[in-house]
Structures are given as structure tokens and as C-alpha cells.
Amino acid sequence: MADNSDIRTGRHCVFLLHAHLVFVTKLRHKAFTDTHLTRMEEIMRDVCADFETELREFNGGPDHVHLLVTLPPKIALSKLVNSLKGVSSRRMRQEFPDLAAHYYRATKLWSGSYFAGSAGGPPLSTVRQYIEQQNRPL
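Residues numbered from 1 in each chain as written. Predicted model: local features only at pLDDT ≥ 70, side-chain atom pairs only at ≥ 80, totals over all residues. Heavy atoms only, no water.

A closer look at the nonpolar core
Turning to step 1, where the next piece is worked out: One finds F23, F32, M44, V65, L67 and L84 to be the most contacted residues of the largest nonpolar core, which totals 27 residues.
Turning to step 2, where the next piece is worked out: If you list the elements that add at least two residues to this core, you get β3 (18-25), α1 (34-50), β4 (54-61), β5 (64-70) and α2 (77-95).
Turning to step 3, where the next piece is worked out: No other element matches α1, which puts 6 residues into this core.
Turning to step 4, where the next piece is worked out: Once residues within four sequence positions are removed from consideration, L84 is found in contact with L21, F23, M44, V47, C48 and L67. (Core = buried A, V, L, I, M, F, W, Y, C linked by side-chain atoms within 4.5 Å. Buried < 20%, exposed > 50% of the residue type's maximum accessible area, 1.4 Å probe, protein only. Helix = DSSP H or I, 4+ residues; strand = E, 2+ residues; numbered from the N terminus. Contact = heavy atoms within 4.5 Å.)

Pasting the structure below:
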């Protein structure tokens, strides 16, 4: 489990939420180079900062990217994903015209789908066992 320095607090809550996100390019085109991924990480860090979230890890391949994001409970994950994909698509296609050439008349860099998974913390079996062992009042 994470150490106490990872635990964040809000006005009325204490939280430790991580999400693993995977975005793939439209039609799985192999469009990214190291230069593209380096700039994309900067763009995605800026978007995360705007949402009061933190991009902990970023990496990718020629046709996809992986992100590990920590976020507060007030942020809807779907809104964060929408902004990450929209802003990065727009800026990357503006800054790198070679990316736009991959898609002819399409105005999208990303596939419409994405993967989002919870990350960190104990396994579900451990949480389930902990909850089952709580002392219920008689």
C-alpha cells in the first residue's frame, strides 16, 4: 500500500485515488515518435494541473499512451479523460502537421474509446475481508 505521504485531504474527505488510463490512436495508426510523446506528456501534465489532478507516470508506444493519474473525488474521471484527449489532440495536430497527415480529413487523433482502471491500494479480496470482519453492533 502507498505510504501516508500519498494520502491527500479535501475539505470534507481524505482520499487516495489513482487511475490507470490508456488512449489509443484512431485506427491504431502508428503515429507517435519519442518527440511526439515528450510533448504530449507536457500537454497532459498541464491539463491535469488545470483539473487539480497529478499525472504521476506517462509513457507510450507508436499507437497508444499510458497515464497514471491521481485525482480528488470531486473530479469526474470521464470529464478529465475528455479534456485530456481533446486538448492533446488539438495541440498535437497544430504543433505537428505530420500527425494530421495520418488521418486525412479526420479531425481526431484518438479513438473514441479508452481504458480506465483503478490502481493502487490493497487487492479487492483484502478489502472485502476487512469489511466482513468489522464488528457490527448487536
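Still more ground to cover, so stick around.
With respect to the environment of P97
Turning to step 1, where the next piece is worked out: Here P97 shows up in helix α3 (residues 97-101).
Turning to step 2, where the next piece is worked out: Taking the relative accessible area as the measure of exposure, P97 reaches 58% and is therefore exposed.
Turning to step 3, where the next piece is worked out: Sequence-wise, P97 and I75 are 22 residues apart; in three dimensions their C-alpha atoms are separated by 32 Å.

With respect to the packing of aromatic side chains
Turning to step 1, where the next piece is worked out: A full pass over the atoms with the stated rule returns 3 aromatic pairs.
Turning to step 2, where the next piece is worked out: Ring centres of F23 and W110 lie 5.7 Å apart, and the angle between their planes is 65°; this geometry places the pair in the edge-to-face category. Here F23 is found in strand β3, whereas its partner W110 is found in strand β6 (residues 110-119), with 87 residues between them in sequence. Of the two residues, F23 and W110, both sit in the buried class.
Turning to step 3, where the next piece is worked out: Exposure remark for F23: the relative accessible area of 0% places this residue in the buried category.
Turning to step 4, where the next piece is worked out: Aromatic rings pair up to connect F23, F32, W110 and Y114 into one cluster.
Turning to step 5, where the next piece is worked out: A cation over an aromatic ring shows up here: K85 above the ring of F23, its NZ or CZ 5.7 Å from the ring centre. (Phe/Tyr/Trp six-rings, centres within 6.5 Å; stacked < 30°, edge-to-face > 60°. Lys NZ or Arg CZ within 6 Å of the ring centre and 35° of its normal.)

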